[in-house]
Amino acid sequence: MTATALVNGRILSGQDFIGGLGVVLEGERIAAVLPEPEARARADAVVDLEGGRLAPGFIDTQVNGGGGVLFNDELSVEAIEAIGAAHRRFGSTGILPTLISEDLGAIDRAMRAVEAAIAKGAPGVLGIHVEGPFLNAARAGIHDSAKFRILDEEAAALLTSLKAGRPLVTLAPERTTPEMIRRLVAGGVVVSAGHTDASYDETRAALGAGLSGFTHLFNAMSPLASREPGVVGAALEDDSAWCGVIVDGRHVHSAVLKLALRARPLERFMLVTDAMPTVGLAEKSFVLQGQTITVRDGVCVAPDGTLAGSDLDMARAVRNAVDLLGLTFPDAVRMASLHPAQFLGLDHRMGRIAPGLNADLVLLDEHAGVAATWVAGRRY
């Protein structure tokens, strides 16, 4: 098998970017991380990173669309590939195509499309995120509340039927039961709370049943108040679940996110984009559920001003985490790579630069722009 050495860069190893190392790729895997002379000696080919920073590829667990494609509108392998290609330009080497609240028939077709994409070897497809329709109309946001429904036996059987990749489901805990959450988790589903008006006690019960994430923390969920901590209070109190955050300066004020980062371990936060079809396009409008959505000041909004996802890419989210939240660059990168890998239970395969892991990498220039990505050892 041909070995390729990536040299003359700084490698995210441990807590920081380190010079003098080379990363040896063999096929789809990282074969070794060695001092640069040893890496060169072991390789059949050498790639000069020209002083750039080599990081684990970004993983985005909430990708509604990109490159002009909305997953809800095109439940196909081709659509998934187009969305993945759009986000690869911005460092995302792993994505969960995300389906916004739909009926069970559409969810079934979306899941089968993801299975087919993985079987075909579509780069970077890690599973599916089913965001709704098991949500609360009081916190609907841009979702069509006419599609909302209770999580029943038929829906649970469908959600646990994915044969390839990781299924992630966002639901409102008050619209189901702890027993149903346990059933989903036992069936391999990662369960996250979002678009929810649950009480603190309802959220704690869901956490006890296996809920392990909070979808776009602060947005579309019951807030922290003095006598009712709500979903936000339960999330901030909990040290084990992962919180996804949209760091675009608009979805959540940076001061609020800074407070959240002080309240619970940084290792349990991850960056998400909640990206819409406009990512990667000059055209900054699209149609969602019959409404024309436009990008204003970097955020997608409906005609009435309701937030409708984002125009954010993961590279910009990483830069924003540094610029707006004061994080170190290595910490921001881990929030986009290692932490979502851990959330999905995939950190044995990705999220770090280490021997035996997938060769999913992103090369960043001095301005944290994306110079190149590798997915399963193939450079894009």
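A. Representation of the pairing of strand β22 (residues 361-364) in the model. Neither face of β22 is left uncovered, since the one carrying Leu-361 and Leu-363 and the one carrying Val-362 and Leu-364 both have all their residues buried. Summarising the sheet, strand β7 (residues 53-56) and β22 pair through 4 bridges and their orientation is antiparallel. By the bridge assignment, Arg-53 is partnered in β22 with Leu-364. Summarising the sheet, β22 and strand β23 (residues 370-375) pair through 4 bridges and their orientation is antiparallel. Of the residues in β23, the one forming a bridge with Leu-361 is Trp-374. Connecting the antiparallel pair β22 and β23 is a turn made up of 5 residues, with Ala-368 showing a positive phi of about 65°.

B. View of the sheet that holds strand β3 (residues 16-18). With respect to topology, 6 strands assemble into an open sheet ordered β3-β2-β7-β22-β23-β24, the strand pairing being mixed. Every other strand in the sheet has two partners, leaving β3 and β24 (378-379) as the edge strands with one partner each. As judged from the 2 bridges shared by β23 and β24, these two strands associate in the antiparallel manner. Looking across to β24, one finds that Val-375 is bridged to Arg-378. Relative to the sheet, helix α10 (residues 329-336) contacts β2 (10-13), β3, β7 and β22, its axis offset from that of β3 by approximately 105°.

C. Quick look at the side chain of Ser-101. The topology assignment puts Ser-101 in the loop between β11 (92-100) and α3 (104-120). Since its relative accessible area comes to 0%, Ser-101 is described here as buried. A polar contact of 2.8 Å, which involves the side chain of Ser-101, links it to the side chain of His-143. For Ser-101, the contacting residues outside a window of four places in its chain are Asn-72, Glu-131, Gly-132, Pro-133, Leu-135, His-143, Lys-147, Phe-148 and Gln-289.

D. Quick look at α3. With 17 residues, α3 ought to run about 24 Å at 1.5 Å a step, and its terminal C-alpha atoms sit 24 Å apart, in line with that. Turning to α3, its buried residues are Leu-104, Ala-106, Ile-107, Ala-110, Met-111, Ala-113, Val-114, Glu-115 and Ala-117. Between a side-chain oxygen at the N-terminus of α3 and the backbone nitrogen of Gly-105 the separation is 3.2 Å; the capping residue is Asp-103. In the stretch just after α3, Gly-121 is the one whose phi turns positive, near 85°.

E. Main features of the nonpolar core. Phe-58, Phe-214, Leu-217, Leu-271 and Val-333 are the most contacted members of the largest nonpolar core, which totals 83 residues. With 7 residues, α3 is the largest single contributor of residues to this core. Among residues more than four places away in sequence, those in contact with Leu-271 are Ile-59, Val-245, Val-247, Met-314, Ala-317, Val-318, Ala-321, Ala-332, Met-335 and Ala-336. Ile-30, Val-47, Leu-54 and Trp-374 belong to the second-largest nonpolar core, a separate cluster that totals 15 residues.

Cut-offs used in this document
Residues numbered from 1 in each chain as written. Predicted model: local features only at pLDDT ≥ 70, side-chain atom pairs only at ≥ 80, totals over all residues. Heavy atoms only, no water. Buried < 20%, exposed > 50% of the residue type's maximum accessible area, 1.4 Å probe, protein only. Helix = DSSP H or I, 4+ residues; strand = E, 2+ residues; numbered from the N terminus. Pairing = 2+ DSSP bridges. Contact = heavy atoms within 4.5 Å. Axes fitted to C-alpha atoms, helices over the stretch in contact; angles between N-to-C directions. Polar contact = N/O pair within 3.5 Å; in protein donor to acceptor, adjacent residues only side chain to side chain. Expected span 1.5 Å × (residues − 1). Core = buried A, V, L, I, M, F, W, Y, C linked by side-chain atoms within 4.5 Å.

That is the geometry; function is a separate question.
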